[in-house]
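Here's the letter readout for the chains.
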Amino acid sequence: MPENSTEVTAAGIARLAGVGRAAVSNWRRRHADFPKPVGGTETSPSFDLSEVEQWLRDQGKLAEVPLRERVWQQLSGHPAGPVPALVHTGCALLLLRTSPRAWPEITAASDEGMAGVLSLAVDKALTARFGPAEAGRAVHAPSPAELLPSVPLLRAAAELAAGTGAQETFEFLLGRQLDANPRQYTLTPPGLAELMAALAETAERPARTVLDPAAGTGALLRAVGRPAALYAQEADPDLAALTALRLALHTDTGCALAARTADTLRADAFPQLAADAVLCHPPFNERNWGHDELAYDPRWEYGFPARTESELAWVQHALAHLREGGTAVLLMPPAAASRRSGRRIRADLLRRGALRAVIALPAGAAPPYGIPLHLWVLRKPGSGRHPSPELLLVDTAEPAESPSAGPAQAAPAGGRDRLDWQAVHRAVLAAWQSFEDPERADRPERADHAERADRPGHAERADHADHAERADHADRPGHAERADHSARPGTGRAVPVIELLDDDVDLAPARHLPPAAAGGPAELIRVRERLTETLGLTGTLTPPAVTPSDPAHWPLTTVGELARAGALQLRTGGSGTGQGPVLTEHDVLGSAAPSGSLPADGPPEEPVLVEPGDVVVPVLGGGSVARVIDDATAGAALGRNLQLLRPDPAALDPWFLAGFLRGTANNRQASSYASTATRLDARRLQLPRLPLAEQQRYGQRFRALAEFEDALRLAGRLGGQLVQGMYDGLTDGTVAPG
């Protein structure tokens, strides 16, 4: 094996050939000439990439490795590991972007010569972007010896960048690395990062200088619109280097960059910085954050955090780095809003007007995905500013779902990869902007507030709030007008601070807001009517009496054979960039409308768009599900972990195809089982060879079963909504027991 050659695992071979890992195991057993392992372990061997490629070509299993896949395999199999290889690649791409004319001269040399020249050129490019190495920048130029094993990778990455761009190439490789190692990184999803950046910036207060003291992979700083300077600090040296390179490739030279590696709370890298905004996704529930050695730190202006309140230490660190009037947005665990050990700090943040909003997000917004996290919006108090008399509480943790929507139009349920981020953005930003600028509040909000004033207990609470506000802030201009629209039913409410300063100082939005989707008695009546109608529909759609028959002995074929014969096409989803909706795995499982979205900065490929008559099957989980695409879903992009079967209508009926794909025995024989997951190999699914007319007869029955299943699903959803609404109405007095 040549020195510094790239190794690839069985999973990588499967990706290259577009097959499952079980197929690679079969090849190793059946073919004596299959390449021998060159590394790894007995249970997880690795193979020489060039030998594997040649064997696949000789067997007719590989025409040509796509350049993107080749670059990724070279990076993931790098002798020093994928992270150092990614840093080397980022350095080379930064040089390619800033000095494109120098690159051909550098690559014209031998591998050894290129490594030497490239090391000096990279150091010069990094100095121009981040300052000298002595200043403590997070990324350093690799030595010639370190770069030498990476030279083939860097040549290929530059070739890929020539077609897709340096930034896009780095984002693709970084995204692959993060996807391949999900447990190693705590990620901030793009939708959440964009929301946090939007909350930190207004037309009156543009965020020109922004700090992220727990930068991770740089997602938050990357979401900032038009910054003049970005400051990042990260304790992990590898992440700090990747973040620095990511930001350098994302911004132009007019944006100053500073990225440092250090423990933020113990060793602040920017002690004199006063930024316009601070964005932060801090580590949660840390006990070893420096409690003992930082007892007298001047940052604890609002109180010394308890050992169990590391998040409140990050809050005060963020406030310490804001200019007067600057805004900080932090992602927080929900316990930070209610733990008794933090109540004194929360009370002081409220009294001094530093905490402006607490926003409950839906579960699945960010890891840990199982709980609804919070956003805290803070403002640095300044001289001459009156403390705010109110705190905005917003609850998007339970997004409303339309009871009149059919199965294909149901609002997406919350959860990982299922959030409607556009709806969350609209709800949060509308509440925040209305709170910040009362003049922008619209009439429907006032009407909603007036309607709620008729509810039992509401008038008393409103009177109390108005009295407290008039007593303490009667001289504030425009304050009386604000009281008219201080609450947004089901989404948010501006709560007087005096109501929150009790023994607990509990700031959890759910404790102070009405249910998000209650809708009142009128809505419950509509839900009940729709449920009655749907239950009647299920009666008419119930399959007729079962007619027993002997087991059939049809001649069988497989999806793979049909694809080779041209009777159908096989496509895999999950890539592409654009603005349209995405049909996700959860949408297919729940028979819901497309709820995903394409990344604005994904790989530069055309997404696979579904068409009427396509059959879509999930490839993970081992379940028997197949969905036929209708006109309403057509045009959506195919999401990850989905495979599309596009039948030729002259040869295959789509409902016949979908029906037989759902057979339990069929799915079992086509599935492979790993230690943690089950994967469906769609090519191994079997169908009987039947004339088209007979296929259509079966297809009609399968279609009727699908309609019955959709009606049952809708009835279950409406029934659950009615039951919970009745519980809520009876307990809050809006529904009488009689």
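Please read these numbers as outputs of a predicted model, since none were measured by experiment.

**Q** Could you give an account of the overall build of the protein chain, naming the residues involved and the relevant values?
**A** Tallying secondary structure elements over the protein chain gives 26 helices and 24 strands in all. By residue count, 49% of the 738 residues in the protein chain fall in the buried class. Within the protein chain, contacts between residues separated by at least 24 positions form 74% of all contacts whose residues are at least 6 apart in sequence. Taken as a whole, the protein chain presents about 34600 Å² of accessible surface, with 51% of it coming from carbon and sulfur.

**Q** An account of the sheet that holds strand β18 (residues 615–618) is needed here, citing residue identities and associated values.
**A** Read across the sheet, 4 strands follow the order β15-β21-β18-β19 without closing on themselves; strand pairing throughout is antiparallel. Each of the sheet's edge strands pairs with one partner strand only, and the pair in question is β15 (568–572) and β19 (627–628). Strand direction decides the pairing type here: β18 and strand β21 (residues 642–647), joined by 4 bridges, are antiparallel. Paired with Val 615 across the bridge in β21 is Leu 645.

**Q** Before we move on, could you go through the sheet that holds strand β20 (residues 637–638) and cite the residues and values that matter?
**A** Across a sheet, paired strands are connected by hydrogen bonds in the backbone, their directions being either parallel or antiparallel. Across the sheet, 3 strands lie side by side as β17-β16-β20; this open sheet has mixed pairing. Strands with a single pairing partner mark the edges of an open sheet, and in this sheet they are β17 (596–597) and β20. For strand β16 (residues 581–583) and β20, the ladder comprises 2 bridges, and the chain directions are parallel. When the sheet's bridge partners are listed, Val 582 is paired in β20 with Ala 637.

**Q** Can you tell me about unusual backbone geometry, naming the residues and giving the values?
**A** Cis geometry is found at the peptide bond from Pro 367 to Pro 368, where omega equals -5°. Phi is positive for Val 505, which is not a glycine, with a value near 50°. Within the secondary structure, Val 505 is located in the loop between α20 (497–500) and α21 (520–541). Not every positive phi belongs to a glycine, and Asn 641 is a case in point at roughly 60°. Checked against the element boundaries, Asn 641 lands in the loop between β20 and β21. For Asn 641, a relative accessible area of 28% translates into the label partly exposed.

**Q** Can you explain the nonpolar core? Please cite residues and give values.
**A** By size, the foremost hydrophobic cluster in this structure holds 92 residues, and its most contacted members are Leu 199 and Leu 375. Looking at this core element by element, the count peaks at 10 residues for helix α5 (residues 82–98). Sequence-distant contacts of Leu 375, defined by excluding residues within four places in its chain, comprise Leu 192, Leu 195, Met 196, Leu 199, Val 329, Leu 330, Leu 331, Ala 357, Val 358, Ile 359 and Leu 361. If you look at the next biggest cluster of nonpolar residues, it comprises 41 residues, including Phe 270, Val 315, Leu 349 and Leu 507.

**Q** How would you explain the packing of α5 against helix α10 (residues 166–180) if you had to name every residue and give the values?
**A** Here α5 crosses α10 at 170°, and the two axes come no closer than 9 Å. On the basis of their axis angle, the class for α5 and α10 is roughly antiparallel. Two secondary-structure elements touch here, α5 through Pro 82, Val 83, Leu 86, Thr 89, Gly 90, Leu 93 and Arg 97 and α10 through Ala 166, Thr 169, Phe 170, Leu 173, Leu 174 and Gln 177.

**Q** Run through the pattern of salt bridges, naming residues and quoting values.
**A** A side chain with one charge may pair with a side chain of the opposite charge, provided their charged atoms come close. One pass over the structure, following the stated rule, counts 29 salt bridges. Between Glu 309 and Arg 339 there is a salt bridge whose closest N-O contact spans 3.0 Å. One end of the pair, Glu 309, is in the loop between β7 (275–280) and α14 (310–320); the other, Arg 339, is in the loop between β8 (322–332) and α15 (343–351), with 30 residues separating them in the sequence. Of the charged contacts in the structure, one is a salt bridge between Glu 436 and Arg 379, with a shortest N-O distance of 3.0 Å. Placement of the pair is Glu 436 in helix α16 (residues 421–436) and Arg 379 in strand β10 (residues 374–379), with a sequence separation of 57 residues. Since its relative accessible area comes to 10%, Arg 379 is described here as buried. Overlapping salt bridges, with partners in common, bring together Arg 662, Glu 709, Asp 710 and Arg 713 in one network.

**Q** Account for the packing of α5 against helix α7 (residues 111–130), with residues named and values stated.
**A** Between α5 and α7, whose axes approach to 9 Å, the crossing angle comes to 75°. Of the possible angle classes, the one that applies to α5 and α7 is roughly perpendicular. Facing α5, whose interface residues are Cys 91, Leu 94, Leu 95 and Thr 98, α7 presents Leu 118, Ala 121, Val 122, Ala 125, Leu 126 and Phe 130.

**Q** Residues and numbers for helix α1 (residues 10–17), please.
**A** The element α1 is extensively covered by neighbouring structure, given that 6 of its 8 residues are classed as buried. Within α1 the residues assigned to the buried category are Ala 10, Gly 12, Ile 13, Ala 14, Leu 16 and Ala 17. Check the buried side of α1 and you find it contacts β1 (7–9), α2 (21–30), β3 (45–48), α3 (49–58) and α4 (67–76). At the C-terminal side of α1, Gly 18 shows a positive phi close to 70°.

**Q** Let's hear about the packing of aromatic side chains: which residues, and what values?
**A** Inspection of the entire model under this criterion finds 12 aromatic pairs. Relative to Tyr 698, the ring of Phe 660 lies with its centre 5.7 Å away and its plane at 55°, an arrangement referred to as tilted. Of this pair, Phe 660 sits in helix α24 (residues 654–661) while Tyr 698 is found in helix α26 (residues 692–732), placing the two residues 38 residues apart along the sequence. A residue is classified by how much of its surface remains accessible, and Phe 660, at 17% relative accessible area, is buried. Ring geometry for Tyr 698 versus Phe 702: centroids 6.4 Å apart, planes at 35°, classification tilted.

**Q** Go over the confidence of the model for the protein chain with me, naming the residues and quoting the values.
**A** Confidence in the prediction of the protein chain, expressed as mean pLDDT, is 83, and 84% of residues score 70 or more. Below a pLDDT of 50 lies the segment residues 399–415, which in the model reaches 38 contacts outside its immediate sequence neighbourhood of four places, other chains included. Low confidence marks residues 441–490, where pLDDT is under 50. Its contacts with residues over four positions away, or in another chain, come to 63 contacts.

**Q** Before we move on, could you go through α10 and cite the residues and values that matter?
**A** Taking 1.5 Å per residue as the helical rise, α10 with its 15 residues ought to reach 21 Å, and the 21 Å between its terminal C-alpha atoms agrees with that figure. When α10 is considered as a whole, its buried residues turn out to be Ala 166, Thr 169, Phe 170, Glu 171, Phe 172, Leu 173, Leu 174, Arg 176, Gln 177 and Leu 178. At its buried positions, α10 is contacted by α1, α4, α5, α9 (151–164), α12 (219–222) and α13 (237–250).

What counts, and at which threshold
- Residues numbered from 1 in each chain as written.
- Predicted model: local features only at pLDDT ≥ 70, side-chain atom pairs only at ≥ 80, totals over all residues.
- Heavy atoms only, no water.
- Helix = DSSP H or I, 4+ residues; strand = E, 2+ residues; numbered from the N terminus.
- Buried < 20%, exposed > 50% of the residue type's maximum accessible area, 1.4 Å probe, protein only.
- Contact = heavy atoms within 4.5 Å.
- Areas by Shrake-Rupley, 256 points an atom, 1.4 Å probe, with all protein chains shown as cover.
- Pairing = 2+ DSSP bridges.
- Core = buried A, V, L, I, M, F, W, Y, C linked by side-chain atoms within 4.5 Å.
- Axes fitted to C-alpha atoms, helices over the stretch in contact; angles between N-to-C directions.
- Parallel < 35°, antiparallel > 145°, perpendicular 65-115°, else oblique.
- Salt bridge = Lys/Arg side-chain N within 4 Å of Asp/Glu carboxyl O.
- Phe/Tyr/Trp six-rings, centres within 6.5 Å; stacked < 30°, edge-to-face > 60°.
- pLDDT = per-residue confidence, 0-100.
- Expected span 1.5 Å × (residues − 1).

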